[in-house]
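What follows is the residue order along each chain.
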Amino acid sequence: EPSITTEVACAGQETSFSGSGRDNSIENYIWHFGDGTIIGPLTNPDTVHTYVTPGDYEVWLILTNRCDTDDTLRQTVTVFDIPQAPTVPEDTSLCG
């Protein structure tokens, strides 16, 4: 089954993407990341992308083989803000 696999995406950090086709006949992978960025054609199904702004993005992956047969996969990716590190007030004793 053709698919797009990704990890949790945070704005400003690289996000890994991987694609797969029905079989081993796929020769090229073209990624559209939904923010105007297009990468490809690539011969490797794996790539990375950095989103600048949090939000929902529709990612497209176009798979082609030597006969120019292609499949287009679509998946919505949610990009989150980087979580803020917790802060401890200066007057709080951490050791009792």
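Residues numbered from 1 in each chain as written. Predicted model: local features only at pLDDT ≥ 70, side-chain atom pairs only at ≥ 80, totals over all residues. Heavy atoms only, no water.

Caption draft 1: Main features of the environment of Ile26. Locating Ile26 in the fold gives a position in the loop between strand E3 (14-20) and strand E4 (28-32). When its relative accessible area of 17% is taken as the criterion, Ile26 is described as buried. The spatial distance from the C-alpha of Ile26 to the C-alpha of Asn44 is 9.7 Å, given a sequence separation of 18 residues. Sequence-distant contacts of Ile26, that is, excluding residues within four places in its chain, are made with Gly21, Leu63, Thr64 and Asn65. (Helix = DSSP H or I, 4+ residues; strand = E, 2+ residues; numbered from the N terminus. Buried < 20%, exposed > 50% of the residue type's maximum accessible area, 1.4 Å probe, protein only. Contact = heavy atoms within 4.5 Å.)

Caption draft 2: Structural context of the sheet that holds strand E6 (residues 46-50). Strands sit in the order E1-E3-E6 across an open sheet of three strands; the sheet is antiparallel. This sheet does not close on itself; its edge strands, each paired only once, are strand E1 (3-6) and E6. Recorded for the sheet is a direction-independent mean angle of 30 degrees between the axes of neighbouring strands. Here E3 runs beside E6; their pairing, made up of five bridges, is antiparallel. The residue bridging Ser16 from the neighbouring strand is Val48, located in E6. (Pairing = 2+ DSSP bridges. Axes fitted to C-alpha atoms, helices over the stretch in contact; angles between N-to-C directions.)

Purely spatial values, then, with no claim about function.
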